[in-house]
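Chains, contacts and geometry: an overview
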Amino acid sequence: MKRVLKISNAAALILCLISIAGLVFTNTFFLMLRDKIVNMGNVEIFLDKFSIPVAIVYFIFIFFHLSAMFTLILQLNFFKRDNFLRAFLFFTGTVSLLMLVGDFALLSDISKEYIFGMPGEFNILFASQALHFIFYVLMAVLLVLSRKSVRKQNEEIVLKDDSIFINAQYIGIMSGISGLILISVFSFLSLTIYPLPSWAMDAGVIVVSLVAVIPYVLIVLYWLIIKMNERITEWYDEKQYQDITRASLVTLVASVIIMALVFVAQYFVSSLDILNEIWLPFYIFLILLLFSASTLYFNKKGPDLDSMGRNIDISKRNKNLGLAVLITGYMTLVFWLLTIFLGIEIGVGRESYTAMGFFGLLMVASGILFLLSLIFNILESRENKRISKGLILTIVSFPPVAFSYLAIVIKALTEGH
């Protein structure tokens, strides 16, 4: 492993330095091309003269990206500690590699549209070059800094893939944030400054979403590959399992609250109607951000279970579970009332169906959480011979949960009568 990593680091560093020089060349070419278009020069002859050198440089860029990604994967396996810079470079490197393909598409459009004036694709092209530059420079820094660490004799392969687990959460956070920002900005520009037909906007949202989510998909696929020889029960250690369990609960509650607030806010802020076009990718990236961020938070905050004899704070867990039931229970009641209000005031339509969908989701979630919380808190109360705080919260949440299910039962029994 160490020998392969040394060779990979050296090869990636050499290609990185060559790529930085190549990036200077390609940006000079783009600036000269822009100047030719502005001054109405002979663009066709200029493109024919430099097309082959630029293509060769871009092939070097592709080789460097592949070498850099291979090196990053080796480092993720080799070093015991997680490292945000490696996770950031894995994310930006994947996006930068995808943007290399986009650069060719942009240049093709520019070569066809320059006769009508200055193509707007130049703005995207230079933004892509900035991303390439950031990746190249930071990758060179990482390769130089990691040379000494690789030479150490006491480095070991990470145990239980904890480094990859944590770095995956970093990448998930970056994918979630970038996805939310990119689809929001793209949709806003498409509806206001650069109006696009609906089919073009939908295609653009899909492309932007894929660019943002592919880095996370790749790191998850890689993690699954290295887990294939293990049983599913061994994929996580007890600490990791506890972290993702807590994160799942936080994600469920927080996502429902945020989407409910967005739904209500759409009635008061007309610009938020844009979410009607992008609600699915918006929700996916929101879930990804919440889950990765909360998993990382619990992983960093929580104590090492090995040092504590792998004891889990049952009382705190059950209290949090009871609190989750309380929140989802009363939110279910609120959305039931909202569904009734919209049905009376607006009638059957998109708003009433959306409210009904949230009501159904919350009703199912509150019912499941109520049963789990009731079972766990009764067991804790019997063991400690006193009523737990979680059981008190669960009992308080019973009225809205029971009322929601009772309302559905009554409606089903009286339907058609």
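Here, every reference points to the structure presented above.
Notes on the structure in this doc start here.

Quick notes on the rules
- Residues numbered from 1 in each chain as written.
- Predicted model: local features only at pLDDT ≥ 70, side-chain atom pairs only at ≥ 80, totals over all residues.
- Heavy atoms only, no water.
- Helix = DSSP H or I, 4+ residues; strand = E, 2+ residues; numbered from the N terminus.
- Buried < 20%, exposed > 50% of the residue type's maximum accessible area, 1.4 Å probe, protein only.
- Contact = heavy atoms within 4.5 Å.
- Areas by Shrake-Rupley, 256 points an atom, 1.4 Å probe, with all protein chains shown as cover.
- Arc of directions from axis to C-beta.
- Core = buried A, V, L, I, M, F, W, Y, C linked by side-chain atoms within 4.5 Å.
- Phe/Tyr/Trp six-rings, centres within 6.5 Å; stacked < 30°, edge-to-face > 60°.

As a further point, take the overall build of the protein. Regarding its fold elements, the protein presents 12 helices and 0 strands. Along its sequence from the N terminus, the protein presents helices and strands in the succession α-α-α-α-α-α-α-α-α-α-α-α. Relative to its 417 residues, the protein shows a buried fraction of 43%. Counting contacts in the protein only where the partners sit at least 6 residues apart, residues at least 24 apart contribute 83% of the total. If you sum the accessible surface of the protein, you get close to 22,900 Å²; carbon and sulfur atoms cover 72% of it.

Since one α-helical turn is 3.6 residues long, residues separated by three or four positions face the same way. Within helix H11 (residues 389-396), the full set of buried residues consists of Gly390, Leu391 and Thr394. Across the axial projection of H11, the buried residues extend over an arc of 100 degrees, all falling on one side. With respect to the buried face of H11, the exposed residues turned more than 90 degrees away are Lys389 and Ile395.

For the rest of this paragraph, the subject is the nonpolar core. Among the nonpolar cores identified, the biggest contains 70 residues, and Met139, Ile171 and Ile219 are the most heavily contacted of them. Those elements giving two or more residues to this core turn out to be helix H1 (2-38), helix H2 (43-78), helix H3 (84-113), helix H4 (121-151), helix H5 (162-191), helix H6 (198-226), helix H7 (238-265) and helix H8 (275-301). For this core, the element with the highest residue contribution is H2, accounting for 12 residues. The next biggest cluster of nonpolar side chains, apart from the first, holds 8 residues, and it includes Val256, Phe359, Leu362 and Met363.

With that settled, consider the side chain of Ser178. With respect to the element layout, Ser178 can be found in helix H5. For Ser178, a relative accessible area of 16% gives the class buried.

All right, on to the environment of Glu277 then. The topology assignment puts Glu277 in helix H8. Expressed as a C-alpha distance, the spacing of Glu277 and Ser187, which sit 90 residues apart in the sequence, is 8.1 Å.

What follows is about the packing of aromatic side chains. Using the criterion set out here, one finds 8 aromatic pairs in the structure. Measuring from centroid to centroid gives 5.6 Å for Phe61 and Tyr136, while their planes differ by 50 degrees, and the two rings are tilted. Remark: Tyr136 occurs in helix H4 and Phe61 occurs in helix H2; sequence separation between them is 75 residues. Tyr136 matches Phe61 in its accessibility class, with the two residues each being buried. Taken together, a centroid distance of 5.7 Å and an interplanar angle of 40 degrees make the contact between Phe370 and Phe398 tilted. Of this pair, Phe370 sits in helix H10 (residues 350-384) while Phe398 is found in helix H12 (residues 398-414), placing the two residues 28 residues apart along the sequence.

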